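Structure at a glance
The residues making up each chain are set out below.
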Amino acid sequence: MGRLVVVSNRVARAEGAPGGLSVALAAALRGHPALWFGWSGERAESFDGRIGARRLGELEIATIDLDAADLEEYYNGYANGTLWPLFHSRTDLTAYDRSFSEGYARVNRRFAEALAPLLRADDLVWIHDFHLIPLGRELRRLGCAQPIGFFLHIPWPAPQLFTTLPHHRDLAAALFAYDLVGMQTEENVAAFEAYALGEAGGFRDAGRLRAFGRSLRVQAFPIGLDVDGFAALAASPAAIHCYDRMAAHGAFRSLIVGVDRLDYSKGLPERLAGFEQFLTTWPDMVRKVLYLQIAPTSRGEVEAYQSLGAQVLAQAGRINAAWAEMDHAPLLYVNRNYSRAELAGVYRAATVGLVTPLRDGMNLVAKEFVAAQAPSDPGVLILSRFAGAASQMKDALIVNPHAREECAEALAEALAMSKAERVRRWEALMAGVTCDDVCAWRDNFIASLVEAHGGAMPDAERPRRAIVNPAVAPVLLRQPAPEARGATATPR
């Protein structure tokens, strides 16, 4: 195998940059000959197809700019206005607009036309997430015969929900241009297979799924944490400073912490309702706990997110108005970003981690919370049954986030849990986080992709040539770029 070519909507701007997908991909690419291709994050006045090139450590990065229409129709429109809510079971928030789907198709063609000349015959191509579902098909149309795999980081919806999408068959058919499609959980795989079998007349054949005149392998690959990298962050001066601050702030109280983007899939109103129920049921705990909810603004230009922000702010204010005293407030709601190193310090200081999304592909915050804990005195993870992580992290306290009483009871149980039980649960959780890390995720996917490529398509449907342009790709190697700033670690 030659290079690993990873494609995502956005690429990392610097080492240690925030963002679950970006962090995971940067860790997965470390130490491998690799090219990372995606949108630069810049808005051009008009699309010109020019490719920017730079380095991030040893990693080659190639980017294109998108124009205003691309961002409105492809990114804000189809990706975040249509697919994101639909795939998170929010059909009430799903926007259907023909211009959105046209922009989505156009940008995926532009990605393919820019990427194809950079590919070498022995590259292995790994495309990521819902923004780029049709990209594999566009690359095949350009003659790319390399192994091409796709990984969906968010949940795949139930068939009944997916069929509400106009032209749902075309989007599903696009996935059959890949050799391998990876998803976070077996539940997501089953939902996709149910659609292919029930709606597309597909069938299973020798471990492959056949539909739309093609076949692929679909498999669960739960994404993992860069355990060593996160351990270094947790031992950094920034993490230690943040830990000291939070430990002092909660010297006589137990710290409950939640960290989420301000997104309707994260269940923040339901979580606050559960905390309010906890205070109502156990009023003697009001002065004994501090709930810190960090929720930086996400997609603030979208009306649904603006409404959510106003709702959560009002809810937090109402709880404090009812339960705060002159010298104490039980809830601290913070609407800003923090570095992963700072968050590691917060996690370590917490007695309870609240990770209760209504729907989530995996949720690496749950794994980061576990990895940040002190082995001799760990905190307790409360985890939604609707997070993909719940299928792996069974020693967390698993809750239904819609049931406020159940969440309140889990908080009471976590706060009263003996040290021996906390240690037992943490050791089991940490063993899983360590074993199923980001390297295992990468290696399992790549091995399966290489294996799947041989029987991906009938010979008659196979492209006749691979894109090989050695005169273009090496240009990326010659582009000078300053080394990105990385986190420094000091042992604790």
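Since the structure is predicted, the reported quantities are computational estimates derived from the model, not experimental observations. (Residues numbered from 1 in each chain as written. Predicted model: local features only at pLDDT ≥ 70, side-chain atom pairs only at ≥ 80, totals over all residues. Heavy atoms only, no water.)

Looking at the packing of aromatic side chains
- In this structure the tally under the stated criterion is 23 aromatic pairs.
- Aromatic side chains Trp-84 and Phe-130 sit 5.7 Å apart centroid to centroid with 50° between the ring planes, which places their arrangement in the tilted category. One end of the pair, Trp-84, is in helix α2 (residues 68-87); the other, Phe-130, is in the loop between β5 (124-128) and α4 (135-141), with 46 residues separating them in the sequence.
- Since its relative accessible area comes to 6%, Trp-84 is described here as buried.
- Residue class for Phe-130 comes out buried when judged on its relative accessible area of 1%.
- Note on Trp-126 and Trp-441: the rings are 4.9 Å apart at their centroids and 45° apart in plane angle, and the pair reads as tilted. Here the residue Trp-126 occupies a position in strand β5, and Trp-441 occupies one in helix α16 (residues 438-453), the gap between them amounting to 315 residues. Grouping residues by exposure puts Trp-126 and Trp-441 together as buried.
- Every member of this aromatic cluster is reached through a ring pair, and the members are Phe-87, Trp-156, Phe-162, Phe-176, Phe-192, Tyr-195 and Phe-212.
- Note that Arg-10 overlies the ring of Trp-39, its terminal NZ or CZ placed 4.9 Å from the centroid. (Phe/Tyr/Trp six-rings, centres within 6.5 Å; stacked < 30°, edge-to-face > 60°. Helix = DSSP H or I, 4+ residues; strand = E, 2+ residues; numbered from the N terminus. Buried < 20%, exposed > 50% of the residue type's maximum accessible area, 1.4 Å probe, protein only. Lys NZ or Arg CZ within 6 Å of the ring centre and 35° of its normal.)

A short note on the nonpolar core
- Within the largest apolar cluster, 94 residues are counted, with the highest numbers of intra-cluster contacts made by Val-7, Phe-111, Ile-127, Leu-139, Phe-275 and Phe-278.
- Per-element tally for this core: the top contributor is α2, with 8 residues.
- When near neighbours in sequence (up to four residues on either side) are disregarded, Phe-111 contacts Val-7, Ser-8, Asn-9, Phe-37, Gly-38, Trp-39, Ile-64, Leu-66, Leu-132 and Leu-135.
- Listed in part, the 67 residues of the second largest apolar core include Val-6, Phe-230, Leu-290 and Trp-426. (Core = buried A, V, L, I, M, F, W, Y, C linked by side-chain atoms within 4.5 Å. Contact = heavy atoms within 4.5 Å.)

Side note on the sheet that holds strand β15 (residues 380-384)
- Spatial ordering of the open sheet is given by β13-β12-β11-β14-β15-β16, a layout of 6 strands whose pairing is parallel. For this open sheet the edge positions go to β13 (331-334) and β16 (397-399), each flanked by a neighbour on one side alone. Going from strand to strand, the sheet's axes swing by 20° on average, the running direction of each strand aside.
- For strand β14 (residues 352-355) and β15, the ladder comprises 4 bridges, and the chain directions are parallel. Across the sheet, Val-352 pairs through a bridge with Val-380, a residue of β15. (Pairing = 2+ DSSP bridges. Axes fitted to C-alpha atoms, helices over the stretch in contact; angles between N-to-C directions.)

Details of the sheet that holds β5
- Taken together, the 10 strands give an open sheet; going across it, the order is β3-β4-β2-β1-β5-β6-β7-β10-β9-β8, and neighbouring strands pair in mixed fashion. The strands lining the two open edges of the sheet, one partner per strand, are β3 (52-56) and β8 (203-205). The sheet shows a mean angle of 30° between the axes of neighbouring strands, direction not considered.
- Taken together, the 5 bridges between β3 and strand β4 (residues 59-67) define a ladder with antiparallel strand orientation. Across the sheet, Ala-53 pairs through a bridge with Ala-62, a residue of β4.
- Its contacts with the sheet put helix α3 (residues 98-115) on β1 (4-10), β2 (34-44) and β4, and the angle it makes with β4 is roughly 140°.
- Sitting on the sheet, α16 touches β1, β5, β6 (148-151), β7 (180-183), β9 (208-211) and β10 (214-220), and the angle it makes with β5 is about 120°.

With respect to α16
- For α16, built from 16 residues, the straight-helix expectation of 22 Å at 1.5 Å per residue is met to within 8% by its first-to-last C-alpha distance of 22 Å.
- Every buried residue of α16 is accounted for by Val-438, Trp-441, Arg-442, Phe-445, Ile-446, Ser-448, Leu-449, Ala-452 and His-453. (Expected span 1.5 Å × (residues − 1).)

Considering the side chain of Arg-340
- For Arg-340, the position within the fold is in helix α12 (residues 340-349).
- Classification of Arg-340 by relative accessible area gives buried; the value is 14%.

Fair warning: the whole summary comes from geometry, so function is off the table for now.
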